[in-house]
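A structural walkthrough
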Amino acid sequence: DGTVYVADTENHRVQRFTWDGIYLGKWGGFGTGKYGFKSPQGVAVSPAGEVYVADTGNNRIKRYSAVGEYRSTWGVTGSDPGEFRAPRGVAVASSGTVYVADTGNHRVQSFPPGAGDSTVLLSRTPAVASYGGTVTIEARVVDPAGLLILGRQMSFYTSEDGAGWSLIATVTAPGGIASYQVPITRKTYFRWVSEGDVARGAAEAITNANARAAVGAPRLSAVTPRPGRSVGVTGTVLPEHPSGVTPVKLHWYRRIDGRWVRKLTTAAETRATSPRTYRGRVTLPSAGRWRVRAQHLDTDHALSRSSYRYLTVK
């Protein structure tokens, strides 16, 4: 459309004008973030209208929309493919191929359309971890064509709720593949962040290991017992706790005036079978409608409750 883009090197920004010099806008400033530059010296526009900036001092290429909305970044300091030293020029062919004048490395590099986009492929072994066991998380970074990107490091994060993330480890992955073994004590979310590669910011992927012990619904020996008669209860606890200690409590509720009121709590005995089972027995003192559910509290205080089972004492 005739818009003119200027790499305003000393002001660390890009300015935009009409073909006859009327100012339209600007973006950037000194820094390293999405809109940060250090002495940019080259700018180019693709056939799709996207703007590529040679961020010379940061040794990378950045891509924006026609009005300066951030799209992607790629490149780090170095001499390997996809790395730069003071790139001062950038151009885009009609095919969308991006050419970069990699000044400090005395070469020109070319990149496919969409350069800077990457994906982290995350896998885990085993798919479902046993309680207290370990799971191996492996991450691969690939480009839009599915080719492995040679990253510099991968950072591993974990979360209990998928919201608050904590850094666990940073693993060097020169071959583009990083793996890490993690002990599992409850349901856990994993995230790998690729850093220092040909990537758009921090690509991420999330998975989880279903390691939280789950208590199965109780099975009743009778559903219409008489008052004063005992009722047997059995059920399962999965996955297995490695120590065999699976404390289970049984909560008994009676229907009173339209509400469920807890009247009894009894401990269930756990047995080291496969799968592990719990069993208990209780004498319900009064007639009426009753219900029971099992509750499991593991050693890390992760709580699991079963669904209810109902019976009528009469």
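What comes next concerns the included structure. (Residues numbered from 1 in each chain as written. Predicted model: local features only at pLDDT ≥ 70, side-chain atom pairs only at ≥ 80, totals over all residues. Heavy atoms only, no water.)

1. Some details on the overall build of the protein
Keep this limit in mind: Working definition: helices are DSSP H or I runs of at least four residues, strands are E runs of at least two. Numbering for both runs from the N terminus. When a residue's accessible area, from a 1.4 Å probe over protein chains only, is under 20% of the maximum for its type it is buried; when over 50% it is exposed; and in between it is partly exposed. Every residue pair with non-hydrogen atoms within 4.5 Å of one another is taken to be in contact. For the accessible areas, the method is Shrake-Rupley and the probe is 1.4 Å, while residue cover comes only from the protein chains on display.
Counting its secondary structure elements, the protein contains 0 helices and 26 strands. The 314 residues of the protein split such that 43% are buried. Of the contacts formed within the protein by residues at least 6 apart in sequence, a portion of 52% connects residues at least 24 apart. Of the accessible surface of the protein, which amounts to about 15,500 Å², a share of 50% is contributed by carbon and sulfur atoms.

2. Concerning unusual backbone geometry
The backbone of Asn59 shows a phi angle near 55°, a positive value even though the residue is not glycine. One can find Asn59 in the loop between strand 5 (51-55) and strand 6 (60-64). Judged by relative accessible area, Asn59 falls into the buried class, the value being 12%. Even without being glycine, Ala86 reaches a positive phi, approximately 55°. Looking at the secondary structure, you find Ala86 in the loop between strand 7 (70-74) and strand 8 (89-92). Note on Ala86: relative accessible area 25%, which makes it partly exposed.

3. With respect to the side chain of Thr3
Threshold: Here a polar contact is taken to be a pair of N or O atoms separated by no more than 3.5 Å, where protein atoms must pair a possible hydrogen donor with a possible acceptor and residues adjacent in sequence count only if both atoms sit in side chains.
Following the sequence through the fold, Thr3 ends up in the segment before strand 1 (4-8). Here Asp1 takes part through its side chain, which lies 2.7 Å from a polar atom of the side chain of Thr3. When neighbours within four sequence positions are excluded, Thr3 is seen to be in contact with Arg16, Phe17 and Leu24.

4. What about the sheet that holds strand 1?
Condition: Should DSSP find at least two bridges between two strands, the strands are taken to pair. Every angle, taken between N-to-C directions, lies between 0 and 180 degrees, and every axis is a line fitted to C-alpha atoms, over only the stretch in contact when it is a helix.
Read from one edge to the other, the open sheet built from 3 strands follows the order 1-2-3, with strand pairing classed as antiparallel. Among the strands making up the open sheet, the edge pair consists of strand 1 and strand 3 (23-28). The mean inter-strand angle of the sheet, taken between neighbouring strand axes irrespective of direction, is 20°. For strand 1 and strand 2 (residues 13-17), the ladder comprises 5 bridges, and the chain directions are antiparallel. Looking across to strand 2, one finds that Val4 is bridged to Phe17.

5. Thoughts on the environment of Arg255
On the secondary structure map, Arg255 appears in strand 21 (residues 248-256). Sequence separation of Arg255 and Trp290 is 35 residues, and the distance between their C-alpha atoms is 6.2 Å. Not counting chain neighbours up to four residues away, the residues in contact with Arg255 comprise Trp260 and Arg289. In terms of polar contacts, Arg255 uses its side chain to reach the backbone carbonyl oxygen of Gly258, at 3.2 Å.

6. Some remarks on the pairing of strand 8
Sheet topology note: the strand 8/strand 9 (residues 98-102) ladder contains 4 bridges and is antiparallel. Within strand 9, the residue paired with Gly89 across the bridge is Ala101.

7. Some details on the pairing of strand 7
With 4 of its 5 residues buried, strand 7 lies for the most part within the structure. With 4 bridges connecting them, strand 6 and strand 7 associate as antiparallel partners. Following the sheet pairing, Tyr64 is matched in strand 7 by Tyr70. Two successive antiparallel strands, strand 6 and strand 7, enclose a turn made up of 5 residues, where Gly68 displays a positive phi of approximately 95°.

Worth remembering: the numbers are spatial, not functional.
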